[in-house]
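Observations on chain architecture
So you can see what is in the structure, the chains are spelled out below.
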Amino acid sequence: MIDNKLAIHGGDKIIKNPFIKYNSLGSEEVEAAKKVVESGVLSQFIGADDRDFLGGEKVKEFEELCKNYFNVKHVISVNSWTSGLIAAVGAIGIEPGDEVIVPTWTMCACPTSIIHWNAIPVFADIESETFNIDPDSIIKNITHKTKAIMAVDIFGHPSNMNVIREIADKHNLKVISDAAQSPGSKYFNSYTGTLGDIGGYSLNYHKHIHTGEGGILVTNDDLLAEKLRLIRNHGEAAVKGYNIKNIENIIGYNFRLGEIECAIGIEQLKKLKDLVDSRIKIANTITSELNYLDGLQLPIVKENCTHVYYSYSMKINTTEIGVERSQIANALAAEGLEGVAEGYANLHLLPMYQKKIAYGSSGFPWNSEYARKNINYNKGICPVAENLHDNSLLSIEMCMHQLHDHDLELLIKAFKKVWNNLDKLK
Ligand SMILES: *Cc1c(COP(=O)(O)O)cnc(C)c1O
C-alpha cells in the first residue's frame, strides 16, 4: 500500500535522493577549453586603437556564431550580462538624471546598470499572467525624463515586445531587451533579445547555457554596436581611431570575455536548441499532469511566444483552497523537492531604493540637480507584483535539476500527494 501520509507529518517522502544537478557541459567543452589552454593565449584583447581591440580568435568565432544563430547584425561578447547591461545603458546615450523604466520583477543588475550612469530607475508593475513588464504601467510611468524601457523576459516568457515597441516609438524611447532567462525563446519569428535597440543574454552558471560567467550583447544598429565595443574595452583610449563624433559615455571598462569562455560558449551554443526543447518538453509534462489540481494556475504561454522555463512559475489561489502558500512550499520541501521558491524580486523594496542610498551617503543620484524630484519607490506602486510576491507565486527553479523521466514522475507525484492532503494542511 502506498503511504499517503505527508512527509511533513512523518510519512515517507516521495523523493528519497536529491535530483541530479543540471549540467549543460560535456566532453566537447572540456576539449575546447583544453585546446585554448594549450595555445597559451587565454585572451588577446588590447585596450587601444589596435588590431587586437576586438579580441582573439575564439572571441571572434563565438560572436560570429551568435550572429548567425540569433540572426542579428552585431554581437559583442562581455564578461557578464551585468556588464552587458551597463554597456547598453551607456551606449544609448543616457544623461545623468534620465529615467529608465524597468520591471520590479527582474534581477537587481537591471536597475543598478541604470544607477551606474547616475540615471534613475523607475519601477513598473508586471502583468499577472506572464509576470513581465506591464505596458500600461510603462505608460503611466513615462515622464519628460524617460529615456528608455528595459524589458525583461522573466522566467523565460517573452515580453510583449510589439506593444512595448509601439510605446517606445511614440515617446521616442530606446528599448533594452534583457533575455537572460529566455535564450532560444521566440516572439513571433524572432529570438527574444533581438527585438530591442540593444538586447542580450547571460552566460552565468545558473542559466540555460553558460561559460561560468559571461554575457552576449546583440544589436542591429551600427553606431550602438561601436559604442558597445568601446565601452567594453577601454574606449577612451581607442576612440580616436573610430569615426565617432559624439564621445558621450565612452567611458571604457574591461568587460572583455576570455578565449576559454568563448571556446566553451561555442560548444554551448550548439546545444542550446536541444537543451531548450527538452526543457519545454518537461514543462509541458508538468503542465498536463498538474492541470487539474484545485486552485493552481500553471504557466501561461501567449500566442506566438515560446516559453523556455528558466523557472516554472505558478500561482496558488490560497483563498480557494484555504491553505497558506508557505504550508504548501514546506510540504513539498518535506517530500524532498528542492528548488521550490515563494514569491520573487520586488526590487523597488530593496534598501537601496527605500533609503535612496547608492553613491556615498547623501542620496546621489536621486538628489542631484539633474534628477526629477520625489521619485516614488513606496510599497504600493507595483500592486500586482507585490500581491503575487506576498501571496500566490510559487516557482520550481528549472535550471537546478536535470530531471530525467523518473525524477519528473516523482516531482509530479509530490505535488499530487500534497494536493490530495490539502485538508490536513489547513
Ligand atoms: C542573470 C540575470 C542577469 C545578470 O546576468 P549576469 O551574467 O549574472 O551578470 C540580468 N538580468 C536577468 C533577468 C538575469 O536573470
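So, here is what we can say about the structure in this document. (Residues numbered from 1 in each chain as written. Predicted model: local features only at pLDDT ≥ 70, side-chain atom pairs only at ≥ 80, totals over all residues. Heavy atoms only, no water.)

This next bit is on the environment of Val-323. In this fold, Val-323 is placed in the loop between α10 (318-321) and α11 (325-334). Classification of Val-323 by relative accessible area gives buried; the value is 2%. Sequence separation between Val-323 and Gly-241 is 82 residues, and the spatial gap between their C-alpha atoms is 65 Å. When sequence neighbours within four positions are dropped, the list of residues in contact with Val-323 reads Thr-318, Ile-328, Leu-422, Leu-425 and Lys-426. (Helix = DSSP H or I, 4+ residues; strand = E, 2+ residues; numbered from the N terminus. Buried < 20%, exposed > 50% of the residue type's maximum accessible area, 1.4 Å probe, protein only. Contact = heavy atoms within 4.5 Å.)

Our focus in this paragraph is the sheet that holds strand β5 (residues 174-178). Spatially, the 7 strands line up as an open sheet ordered β1-β9-β8-β5-β4-β2-β3, and their pairing is mixed. Each edge of the open sheet carries a strand with a single partner, namely β1 (74-78) and β3 (120-124). Between one strand and the next, the sheet's axes are offset by a mean angle of 20°, whatever the strand orientation. Where strand β2 (residues 99-103) meets β3, 5 bridges bridge the pair, whose relative direction is parallel. Of the residues in β3, the one forming a bridge with Pro-103 is Ala-124. (Pairing = 2+ DSSP bridges. Axes fitted to C-alpha atoms, helices over the stretch in contact; angles between N-to-C directions.)

Strand order in the open sheet made by the 4 strands is β10-β11-β13-β12, with antiparallel pairing throughout. Lying at the two open borders of the sheet, with one neighbouring strand each, are β10 (296-297) and β12 (340-342). Where strand β11 (residues 311-316) lies against strand β13 (residues 393-397), 5 bridges are found, and the strand directions are antiparallel. Opposite Lys-315, over in β13, you have Leu-393 as the bridge partner. Sheet strands touched by helix α14 (residues 405-420): β10, β11 and β13. Its angle to β13, the strand with the most contacts, is close to 155°.

A word on the packing of aromatic side chains. Tallied over the entire structure, the rule returns 19 aromatic pairs. When the ring of Phe-155 is compared with that of Tyr-344, the centres are 4.8 Å apart and the planes differ by 75°; the resulting orientation is edge-to-face. Remark: Tyr-344 occurs in the loop between β12 and α12 (351-355) and Phe-155 occurs in the loop between β4 (146-152) and α6 (161-171); sequence separation between them is 189 residues. On the basis of relative accessibility, which here comes to 4%, the residue Phe-155 falls in the buried class. When the centroid spacing of 6.2 Å and the interplanar angle of 85° are considered together, the rings of Trp-366 and Tyr-377 count as edge-to-face. Of this pair, Trp-366 sits in the loop between α12 and α13 (383-392) while Tyr-377 sits in the loop between α12 and α13, and the two are 11 residues apart along the sequence. (Phe/Tyr/Trp six-rings, centres within 6.5 Å; stacked < 30°, edge-to-face > 60°.)

A few words on the site of the ligand. Not every one of the 14 residues close to the ligand is listed here, only the nearest: Thr-82, Asp-178, Ser-202, Asn-204 and Lys-207. At 2.5 Å from an oxygen atom of the ligand is found a side-chain nitrogen or oxygen belonging to Thr-82. Between the ligand and Lys-207 there is a distance of 2.9 Å, counted from an oxygen atom to a side-chain nitrogen or oxygen. Protein chains bury 94% of the 380 Å² of accessible surface belonging to the ligand in isolation. When grouped by side-chain class, the residues that make up the shell around the ligand number 5 nonpolar, 7 polar and 2 charged. (Near = heavy atom within 4 Å. Polar contact = N/O pair within 3.5 Å; in protein donor to acceptor, adjacent residues only side chain to side chain. Areas by Shrake-Rupley, 256 points an atom, 1.4 Å probe, with all protein chains shown as cover. Nonpolar A, V, L, I, M, F, W, Y, C, P; charged D, E, K, R; others polar.)

As a further point, take the nonpolar core. Membership of the largest hydrophobic core comes to 60 residues, with the highest contact counts inside it found for Leu-296, Tyr-312, Ile-328, Leu-411, Phe-415 and Trp-419. Taken together, the elements giving at least two residues each to this core come down to α2 (57-70), β9 (215-219), α9 (259-290), β11, α11, β13 and α14. Tallying contributions element by element places α9 first for this core, with 11 residues. Shared between two domains, this core holds at least three residues of each, these being domain 1 (10-23 + 272-343 + 385-425) and domain 2 (27-268). Sequence-distant contacts of Trp-419, defined by excluding residues within four places in its chain, comprise Leu-293, Asp-294, Leu-296, Ile-316, Ile-321 and Ile-328. (Core = buried A, V, L, I, M, F, W, Y, C linked by side-chain atoms within 4.5 Å. Domains from an automatic or database assignment.)

All right, on to the pattern of salt bridges then. Under the counting rule described, the total for this entry stands at 19 salt bridges. Glu-226 is the salt-bridge partner of Arg-229, the closest N and O atoms lying 3.6 Å from each other. Note that Arg-229 and Glu-226 are positioned in helix α7 (residues 222-232) at a spacing of 3 residues, about one turn of the helix. In this structure, Lys-416 and Glu-289 form a salt bridge, with 2.7 Å as the shortest nitrogen-oxygen distance. Placement of the pair is Lys-416 in helix α14 and Glu-289 in helix α9, with a sequence separation of 127 residues. By relative accessible area, Lys-416 is classed as partly exposed at 22%. For Glu-289, a relative accessible area of 31% corresponds to the partly exposed category. (Salt bridge = Lys/Arg side-chain N within 4 Å of Asp/Glu carboxyl O.)

We now examine unusual backbone geometry. Both trends apply: most residues other than glycine have a negative phi, and most peptide bonds are in trans. Going from Phe-364 to Pro-365, the amide bond is cis rather than trans, its omega being 10°. Topologically, Pro-365 is positioned in the loop between α12 and α13. Of note, Asn-172 is a non-glycine position whose phi angle comes to about 60°, a positive value. Given a relative accessible area of 70%, Asn-172 falls into the exposed group. Positive phi outside glycine occurs at Leu-403, with the angle close to 50°. One can find Leu-403 in the loop between β13 and α14. Relative accessible area serves as the criterion here: at 6%, Leu-403 is assigned to the buried category.

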